[in-house]
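Residue-level structural notes
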Amino acid sequence: MKPEQTELTSYLRDAMNQLRVLQSRASKRNKTKKFKAIASMITITLSRANATYNYVKAGGHEDFSVVIQQHMYDPIIQWLESEIA
């Protein structure tokens, strides 16, 4: 594995773990429309991160940059954390 690929897979694994923690926290909250919507957004974001992770593992790391992925997932994760808290 190339260093760029290991860095990207490591970041995506970390992002998916954070999203799973958020998913668990959201599932323990009351089932209002807000938390149902948050749970749906987490599922969509987690699925997208997982698809990117699988693509990168298969050798498609030239198409993705760690910096771009961080700029895409970090704000979403931070916003979801603030909404759940």
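It should be noted that the structure appears before, not after, this text.
Structure report, in brief. Worth saying up front: this structure is predicted, and the values here are computed from it rather than measured. (Residues numbered from 1 in each chain as written. Predicted model: local features only at pLDDT ≥ 70, side-chain atom pairs only at ≥ 80, totals over all residues. Heavy atoms only, no water.)

1. Things to note about the overall build of the protein chain
Operational definition: Strands are runs of DSSP state E lasting at least 2 residues, helices are runs of H or I lasting at least 4, and numbering of each runs from the N terminus. For the exposure calls, accessible area comes from a 1.4 Å probe over protein chains only, and a residue counts as buried if that area is under 20% of its type's maximum, exposed if over 50%, partly exposed in between. Here, residues are in contact when the closest pair of their heavy atoms is within 4.5 Å. Where accessible areas are quoted, they stem from the Shrake-Rupley method and a 1.4 Å probe; at the residue level, only the protein chains shown are allowed to cover. We count Lys and Arg on the positive side and Asp and Glu on the negative side, and we leave His and both chain ends out. By convention, the point assigned to a charge is CZ for Arg, NZ for Lys, CD for Glu and CG for Asp.
Counting secondary structure elements, the protein chain contains 3 helices and 0 strands. Its helices and strands in sequence order give the protein chain the pattern α-α-α, from N to C terminus. Each principal axis of the C-alpha atoms in the protein chain carries an extent, and together these give about 45 × 20 × 15 Å. For the protein chain, with 85 residues in total, the buried portion stands at 32%. Contacts spanning at least 24 positions in sequence make up 81% of the contacts within the protein chain whose residues lie at least 6 apart. Accessible surface, the protein chain: about 5,300 Å² in total, of which carbon and sulfur atoms supply 55%. Between the centroid of the 12 positive side chains of the protein chain and the centroid of its 8 negative side chains there is a distance of 15 Å.

2. A short note on the side chain of T9
What counts, and what does not: Identification of polar contacts relies on pairs of N or O atoms within 3.5 Å, with a donor-acceptor requirement for protein atoms, meaning one able to donate a hydrogen and the other able to accept it, and with residues adjacent in sequence counted only if both atoms are side-chain atoms.
Residue position: T9 is located in helix α1 (residues 3-27). The buried category is assigned to T9, whose relative accessible area is 2%. Engagement of the side chain of T9 in a polar contact is seen with the backbone oxygen of T6, the distance being 3.0 Å.

3. Looking at helix α2 (residues 33-57)
Quick reminder: α-helices carry 3.6 residues per turn. Residues three or four places apart thus point the same way. Condition: Each residue after the first adds 1.5 Å to the expected span of a helix.
Between its first and last C-alpha atoms α2 spans 36 Å; for 25 residues at 1.5 Å apiece the expected length is 36 Å, and the two agree. Turning to α2, its buried residues are F35, I38, I42, T45, L46, A49, T52, Y53 and V56. G59 lies just past α2 and shows a positive phi near 110°.

4. Observations regarding the packing of α2 against helix α3 (residues 66-84)
Two quantities define a packed helix pair, namely the angle between the helix axes and the distance between the axes. Cut-off, in case you're wondering: Fitted lines through C-alpha atoms serve as axes, helices being fitted only where they are in contact, and the angles separating the N-to-C directions of these axes extend from 0 to 180 degrees. Here the word oblique covers every angle except those under 35 degrees (roughly parallel), over 145 (roughly antiparallel) and from 65 to 115 (roughly perpendicular). The sense of a crossing depends on the near helix, which, turned anticlockwise from the far helix by less than a right angle, makes the crossing left-handed and, turned clockwise, makes it right-handed. Three residue categories are used. Nonpolar comprises Ala, Val, Leu, Ile, Met, Phe, Trp, Tyr, Cys and Pro, charged comprises Asp, Glu, Lys and Arg, and polar comprises the others, including Gly.
Following both chains from N to C, one finds α2 and α3 inclined at 155°, their axes separated by 11 Å at the closest point. Classified by the angle their axes make, α2 and α3 are roughly antiparallel. As α2 runs across α3, the sense of the crossing is left-handed. Between α2 and α3, the contacting residues are K34, F35, I38, M41, I42, T45, R48, A49 and T52 on the first element and Q69, M72, Y73, I76, W79, L80, E83 and I84 on the second. Each residue belonging to the contact of α2 with α3 can be placed in one class, and the counts come to 11 nonpolar, 3 polar and 3 charged.

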